[in-house]
Amino acid sequence: MKQIHILKRLGFITQTASASAWLVVSFALTACGGGGGGASLPAQAFVTGVTAAQVLEGSGSANNLLRFVVSMNQSVEGGQAGVTVTFNASSITTSIGENRTGWAIGGTCAPGSNVDFDNKIQTVTFNQGDATELTVTVCSDTVFEPNETLNLTWSSGTAYGTVTGTIVNDDEGGLNGTGAQTTLGGQAAFGRDTNILTTATTDGAFGFVFDKTSAASCMIDKVTGLTWERASTPGRTLTQGQDLATTANAADGGAGLCGRKDWRIPTVNELLSLMDFSLTGVTSINADAFDVMQGTYWSSEKTANNQWTVTANTGVLAFLATSIPQTVRLVSGGEYSAGSSRATACNDSPRYKSFVNVGSDVTVEDKKTGLMWKQCSEGATGASCTVTNATPYFSKETVLKQLEDVNKAKATLGAGHADWRLPTVKELASLVDRCTINNLAINLAYFPNTQQASYVSATYDASAPTLPWIVNFSGGEIFPLPAGLWLSGLYLRLVRAGQ
């Protein structure tokens, strides 16, 4: 087991005016925490800052290292080698939730320990020299988790600060990014849409990682774990009453397409996972990674008499009569490939778990996506979100002001968290339940009093970059905000964590 240690010689211990006095620099690791600051010290060598760090979690037997760069106010001269400094690496997890969504858990790295980083208290001997970096051991595993953060708190005399380390998920699961690096109000995009650690350089697009070394007729999505038919088959109809599973039987025949025998029609959100919302005209990933998708594609989800479709060159969802021929692209793998749920995304309530956080405020964890949601639409409060009513927002400025207010009021509006953000269109769409009949298209047991209206996402329409994509929970449609619709008001549900 690797220990937290200093890689290069750190010279941040130096003699003061007294021959027997030493300037001691200490570090402490905690789960997500507060800020930091500093104070003036005499003219001597001391730590002035520590740079934030991130690293892929890792899936092998060897653990990875978070590397924090330490800055000094000056070089250390005349110091003495072999001075001992003790720093604490302890986890203080204050988050609430079954999986502590978005928070790293400290402990000792061991198989099956459910620990994210090694926080063993250590005594380390430093040699003379300039400070460079210190490391924290990250515990590797093969289980999908959202990105997780820990805080490294440092002090140097009376100076102190806190810096964040991020453990980036590299296991299959969760959601693809949108491909868009600009979000509502000019805010930075989150996770796979901007993080170079999670993007394969060969496919040329943020948010997506495809395996191009698989069989020529198939493509593996390394984020979702789904295997896709690389070519589209146009002109198929889904006649009323047809068993959707039988539509894929031809691909299952013989040895099976690409050696697989679980081919099926994808769900709406699985089709959306391929869409690159930074592009116009064709919203699928580039043709080097995937055959171009154009036209309207069948999904496996249906209303009483019609089938949901996704139009690839716009990303818009609609439901159509099954007698009208549309394009099909088959998929295999994933959670809907077994038993009675093979062709539908219905009945997946077990993915959710809700928690009372502060007062009666509730958050909802989604183990399928690694996201944590506020149970109530913004403006609504109470255990059933009915004490006060949801608020419509009539401009991006009012949406961003509400987000700012929530994060400033961690203990009240923030339900114990201060890192809420606007959801991307794919994140917001992940909540839609299109199997409901004569009801809102969302699981009301976990998201009560959701409005029969449109909710704003952080993703801009690439064809009209001042207008966001919206999700309508009265039926489940997804479309770009038409010009002028801000005047009718949009609703807001905030999210945190993710990848």
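Anyway, here's the lowdown on the structure attached to this text. Bear in mind the structure is a predicted one, so any value in this text is a computation, not a measurement.

### What to know about the side chain of Arg493
With respect to the helices and strands, the residue Arg493 is situated in the loop between β27 (478–480) and β28 (495–497). No salt bridge is formed by the buried Arg493, whose closest oppositely charged neighbour, Glu378, lies at an N-O distance of 7.8 Å. Separated by 3.4 Å, the side chain of Arg493 and the backbone oxygen of Lys374 make a polar contact. A distance of 2.5 Å separates a polar atom in the side chain of Arg493 from the backbone oxygen of Gln375. For Arg493, the contacting residues outside a window of four places in its chain are Trp373, Lys374, Gln375, Cys376, Ser377, Pro423, Leu431, Ile442, Phe447, Thr450 and Tyr455.

### Focus: the packing of aromatic side chains
Tallying each qualifying case throughout the model produces six aromatic pairs. Geometrically, the ring pair formed by Phe208 and Phe210 is stacked, given 6.3 Å between the ring centres and 10 degrees between the ring planes. On the basis of relative accessibility, which here comes to 0%, the residue Phe208 falls in the buried class. The exposure class of Phe210 is buried, given its relative accessible area of 5%. With a centroid separation of 5.8 Å and 40 degrees between ring planes, the pair formed by Tyr455 and Tyr491 is classed as tilted. Remark: Tyr491 occurs in the loop between β27 and β28 and Tyr455 occurs in strand β25 (residues 454–461); sequence separation between them is 36 residues. Here a set of aromatic residues connected by ring pairs shows up, and it is made of Tyr352, Tyr446 and Phe447. Against the face of Phe190 rests Arg421, its NZ or CZ located 3.9 Å from the ring centre.

### Things to note about the state of the cysteines
One pass over the full model with this rule turns up three disulfides. Here Cys218 engages in a disulfide with Cys258; their sulfurs sit 1.7 Å apart. Judged by the sign of its S-S torsion, about 105 degrees, the bond between Cys218 and Cys258 is right-handed. With Cys218 in strand β14 (residues 218–221) and Cys258 in the loop between α2 (249–252) and α3 (268–272), this pair connects stretches of sequence that are 40 residues apart. Residue classification places Cys258 among the partly exposed positions, given a relative accessible area of 30%. Note that Cys376 is cross-linked by a disulfide to Cys385, the S-S spacing being 2.1 Å. Since a negative S-S torsion denotes a left-handed disulfide, the Cys376-Cys385 link at about -90 degrees is left-handed. Assigned by exposure class, Cys376 and Cys385 land together as buried.

### A word on the sheet that holds strand β24 (residues 371–374)
The strands that make up a sheet are held in pairs by hydrogen bonds between backbone atoms, and each pair lies either parallel or antiparallel. Read across the sheet, four strands follow the order β22-β23-β24-β28 without closing on themselves; strand pairing throughout is antiparallel. The outermost strands of the open sheet, each flanked by one partner alone, are β22 (352–356) and β28. Sheet twist, expressed as the average angle between the axes of neighbouring strands with direction ignored, equals 25 degrees. In the sheet, β22 pairs with strand β23 (residues 362–366) via five bridges, with the strands oriented antiparallel. The residue of β23 that forms the bridge with Ser354 is Val364.

### Examining the environment of Asp171
Looking at where Asp171 falls in the secondary structure, it is placed in the loop between β12 (159–168) and β13 (210–211). Linking Asp171 and Gly58, residues 113 residues apart in sequence, is a C-alpha distance of 8.3 Å. The contacts of Asp171, once residues within four sequence positions are left out, are Glu57, Ser59, Asp141, Thr142, Val143 and Phe144. A distance of 3.4 Å separates a polar atom in the side chain of Asp171 from the backbone nitrogen of Val143.

### Some points on the nonpolar core
For soluble globular proteins, nonpolar side chains are generally found buried alongside one another. Counting residues in each nonpolar core, the largest one holds 44 residues, and the members touching the most others are Leu272, Phe473 and Ile478. If you list the elements that add at least two residues to this core, you get α3, β18 (306–311), β24, α5 (425–429) and β26 (464–472). Contacts of Ile478, omitting those with residues within four sequence positions, involve Leu272, Gly315, Val316, Leu317, Val425, Ala429, Arg434, Trp469, Ile470 and Val471. Formed by 18 residues, the second largest nonpolar core is a distinct cluster that contains Leu184, Tyr393, Trp420 and Leu492.

### Here's the deal with the sheet that holds β13
If you trace the four strands from one edge of the open sheet to the other, you get β13-β14-β15-β21, paired in antiparallel fashion. Since the sheet does not close on itself, it has two edges, and those belong to β13 and β21 (331–332), each with one partner. Alignment of β14 against strand β15 (residues 227–229), held across three bridges, turns out to be antiparallel. Following the sheet pairing, Ile220 is matched in β15 by Thr227.

So, how was this worked out
- Residues numbered from 1 in each chain as written.
- Predicted model: local features only at pLDDT ≥ 70, side-chain atom pairs only at ≥ 80, totals over all residues.
- Heavy atoms only, no water.
- Helix = DSSP H or I, 4+ residues; strand = E, 2+ residues; numbered from the N terminus.
- Buried < 20%, exposed > 50% of the residue type's maximum accessible area, 1.4 Å probe, protein only.
- Lys, Arg positive; Asp, Glu negative; His and termini not counted.
- Salt bridge = Lys/Arg side-chain N within 4 Å of Asp/Glu carboxyl O.
- Polar contact = N/O pair within 3.5 Å; in protein donor to acceptor, adjacent residues only side chain to side chain.
- Contact = heavy atoms within 4.5 Å.
- Phe/Tyr/Trp six-rings, centres within 6.5 Å; stacked < 30°, edge-to-face > 60°.
- Lys NZ or Arg CZ within 6 Å of the ring centre and 35° of its normal.
- Disulfide = S-S within 2.5 Å.
- Pairing = 2+ DSSP bridges.
- Axes fitted to C-alpha atoms, helices over the stretch in contact; angles between N-to-C directions.
- Core = buried A, V, L, I, M, F, W, Y, C linked by side-chain atoms within 4.5 Å.

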